[in-house]
Amino acid sequence: MSAAEPASTPQNLKTSSKFNNCKLYYFDAYGRAETIRMMLHRAGIQFQDIRISDMKEVQKLKDDDKLQYGQMPMVELKDGT
């Protein structure tokens, strides 16, 4: 393999409608989601930073089967995946 440019460069991600306007769910704190936030900002991808402060909200996400393995952070794409 050559030292060519990676397939998913920030410019490619910016123009990808799949990633724009995704939702990032995590507690209202630094932690595992902070790296994801930084990567999205660096790539120029617009996203909703949904910060959870109430455990009832976490339980609702679990009840709605939105949290795979019942854990956060969770990224939801525009198409619901």
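Residues numbered from 1 in each chain as written. Predicted model: local features only at pLDDT ≥ 70, side-chain atom pairs only at ≥ 80, totals over all residues. Heavy atoms only, no water.

### With respect to the overall build of the chain
Then step 1. From N to C terminus, the chain includes three helices and three strands.
Then step 2. Here the chain holds 81 residues, and 25% of them are scored as buried.
Then step 3. Across the chain, contacts joining residues at least 24 apart in sequence account for 65% of those joining residues at least 6 apart.
Then step 4. When the accessible surface of the chain is summed, it comes to about 6,100 Å², and 51% of that surface belongs to carbon and sulfur atoms. (Helix = DSSP H or I, 4+ residues; strand = E, 2+ residues; numbered from the N terminus. Buried < 20%, exposed > 50% of the residue type's maximum accessible area, 1.4 Å probe, protein only. Contact = heavy atoms within 4.5 Å. Areas by Shrake-Rupley, 256 points an atom, 1.4 Å probe, with all protein chains shown as cover.)

### A short note on the confidence of the model for the chain
Then step 1. Considering every residue of the chain, the mean pLDDT works out to 82; 79% of them sit at 70 or more.
Then step 2. Ignoring residues within four places in sequence, the model shows residues 1-7, a span with pLDDT below 50, making one contact including any to other chains. (pLDDT = per-residue confidence, 0-100.)

### Comments concerning the pairing of strand S2 (residues 47-52)
Then step 1. Looking at chain direction, strand S1 (residues 22-27) and S2 are connected through six bridges and run parallel. Looking across to S2, one finds that tyrosine 25 is bridged to isoleucine 50. (Pairing = 2+ DSSP bridges.)

### So, the sheet that holds strand S3 (residues 74-76)
Think of a sheet as strands paired side by side through backbone hydrogen bonds, with each pair either parallel or antiparallel.
Then step 1. An order of S2-S1-S3 is seen for the three strands of this open sheet, with the pairing classed as mixed. Only two strands of the sheet have a single neighbouring strand rather than two, namely S2 and S3. Ignoring which end each strand starts from, the neighbouring axes of this sheet average 20° apart.
Then step 2. The sheet contact formed by S1 and S3 spans three bridges and is antiparallel. Residue pairing for S3: leucine 24 is matched across the bridge by valine 75.
Then step 3. Packed on one face of the sheet, helix H2 (residues 32-43) meets S1, S2 and S3 and runs near 155° to S1. (Axes fitted to C-alpha atoms, helices over the stretch in contact; angles between N-to-C directions.)

### With respect to the packing of aromatic side chains
Then step 1. Tallied over the full model, the rule gives one aromatic pair.
Then step 2. Ring centres of tyrosine 26 and phenylalanine 27 lie 5.4 Å apart, and the angle between their planes is 65°; on these two criteria the pair is classed as edge-to-face.
Then step 3. Assessed through its relative accessible area of 10%, tyrosine 26 is described here as buried.
Then step 4. Exposure remark for phenylalanine 27: the relative accessible area of 33% places this residue in the partly exposed category. (Phe/Tyr/Trp six-rings, centres within 6.5 Å; stacked < 30°, edge-to-face > 60°.)

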